[in-house]
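# Chain and residue survey
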Amino acid sequence: MKADPAVQRQLLELAKVDAELSRTAHRRRTLPEIAEVDAGEKTVRERRDALVSVQTAASDLDREIARQEKEIESVRARGDRDRKLLESGSVAAKQMTDIEHELNSLNRRQSALEDDLLELMERREALELDAQRTSAEVAKAEGEVAEAASRRDENFTDLDTTKARRDEDRAKLLPRFPEDLLKLYERVRAHKGIGAALLRARRCGACQLDIDRREIAEIKAAPEDNVIQCENCGAILVRTLESGL
């Protein structure tokens, strides 16, 4: 393949633009804020799950407390009824003994139920504190995610602006190249990442490997309009006064 040497040198401008586009795309994929947001969102999910678990336990405990209070009220009502019977003096001696026995049993039952209720209420208070702490952790994690997402989006905007400018530069450069030269450049770039590079001091600017004497001799002997490719990486080697030929 042949191409005007001046046109070949302009490939270096295109390669420079493409290198910046590649760096921009890589940076967009690997912004630390992306991983920070992902990790933060995972933390938020974990904190929210923990909060739901605490809230569920508290709700279950509220139902248990309500059941316990209802049972205490039932025992208390029975005790009040028995006491009124005793105070009325309308019951026989044997029945009075039975009522007194039942009252003693009800008092013990009420005392035990109230002790259980106190324990339940203490557990409920602990869960409330746990819920408050976990809720604060959720809010903190959400705030950290929002802050990281804001920084990520700001970087995205800057990178997108850079990409748009370089895309514009690239569009202006493309018409300068003949179709066959551009196809070769794009094919090499697609496979190797760099389509063209400067041959400087007998070294390929793409793969950074020194070119052996035989290949250098062939390049030196080739006409200036010959399109030369690096035998190692395939990049188009652009010859200038810096090439050491």
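Just so you know, these numbers come straight off a predicted model, no measurement behind them. (Residues numbered from 1 in each chain as written. Predicted model: local features only at pLDDT ≥ 70, side-chain atom pairs only at ≥ 80, totals over all residues. Heavy atoms only, no water.)

### Quick look at the pattern of salt bridges
Summed over all chains, the structure comprises 35 salt bridges. As a salt-bridge pair, Glu128 and Arg124 come within 3.3 Å of each other at their nearest N and O atoms. Taken together, the positions of Glu128 and Arg124, both in helix H3 (residues 93-173) and 4 residues apart, correspond to about one turn of that helix. Taking the shortest distance from any N to any O, the salt bridge between Arg203 and Asp210 comes out at 2.9 Å. Residue Arg203 is classed as partly exposed on the basis of its relative accessible area, which comes to 35%. Asp210 sits in the exposed class, given a relative accessible area of 54%. Via salt bridges that share partners, Asp18, Arg170, Glu186 and Arg189 belong to a single interconnected network. (Salt bridge = Lys/Arg side-chain N within 4 Å of Asp/Glu carboxyl O. Helix = DSSP H or I, 4+ residues; strand = E, 2+ residues; numbered from the N terminus. Buried < 20%, exposed > 50% of the residue type's maximum accessible area, 1.4 Å probe, protein only.)

### Quick notes on the packing of helix H2 (residues 32-88) against H3
The N-to-C vectors of H2 and H3 enclose an angle of 165°; their axes lie 6 Å apart at closest approach. In terms of their interaxial angle, H2 and H3 are classed as roughly antiparallel. Considering how the two elements wind past one another, H2 and H3 form a crossing that is left-handed. Along the lines of polarity and charge, the residues of the contact of H2 with H3 split into 30 nonpolar, 9 polar and 26 charged. (Axes fitted to C-alpha atoms, helices over the stretch in contact; angles between N-to-C directions. Parallel < 35°, antiparallel > 145°, perpendicular 65-115°, else oblique. Left-handed = near helix turned anticlockwise from the far one by under 90°. Nonpolar A, V, L, I, M, F, W, Y, C, P; charged D, E, K, R; others polar.)

### Looking at the sheet that holds strand E2 (residues 203-204)
Reading across the sheet, the 4 strands line up as E2-E1-E4-E3 and stay open at both edges, with mixed pairing between neighbours. Looking at which strands have only one partner, the edges of the open sheet turn out to be E2 and strand E3 (228-229). Inspection of the sheet shows strand E1 (residues 196-200) paired to strand E4 (residues 236-239) by 4 bridges, in the parallel sense. The partner of Ala197 across the bridge, within E4, is Leu237. In the packing of helix H1 (residues 5-30) onto the sheet, the strands contacted are E1 and E4, and the crossing angle to E4 comes to about 120°. (Pairing = 2+ DSSP bridges. Contact = heavy atoms within 4.5 Å.)

### Let's talk about the side chain of Arg239
Among the structural elements, Arg239 can be located in strand E4. Buried charge without a salt bridge: Arg239, with Asp225 as the nearest opposite-charge side chain at an N-O distance of 6.3 Å. At 3.4 Å, the side chain of Arg239 forms a polar contact with the backbone oxygen of Ala222. Among the polar contacts listed, one links the side chain of Arg239 to the backbone oxygen of Asn226, at a separation of 2.8 Å. (Lys, Arg positive; Asp, Glu negative; His and termini not counted. Polar contact = N/O pair within 3.5 Å; in protein donor to acceptor, adjacent residues only side chain to side chain.)

### Structural notes on the pairing of E1
By the criterion of burial, E1 is predominantly enclosed, with 4 of the 5 residues buried. By the bridge criterion, 2 bridges tie E1 to E2 in an arrangement that is antiparallel. Pairing of Arg200 across the sheet is with Arg203, part of E2. Linking two consecutive strands that pair antiparallel, namely E1 and E2, is a turn of 2 residues; a positive phi of about 50° is found at Ala201 within it.

### Quick look at the UniProt feature "domain: CT398-like coiled coil hairpin" (unreviewed entry) in the protein
With numbering aligned to this structure, UniProt lists the feature "domain: CT398-like coiled coil hairpin" (unreviewed entry) at residues 14-193. For residues 14-193, helix accounts for 94% and strand for 0%, while the C-alpha atoms at its two ends are 13 Å apart. (UniProt positions renumbered as here; feature names shortened; annotations may be inferred.)

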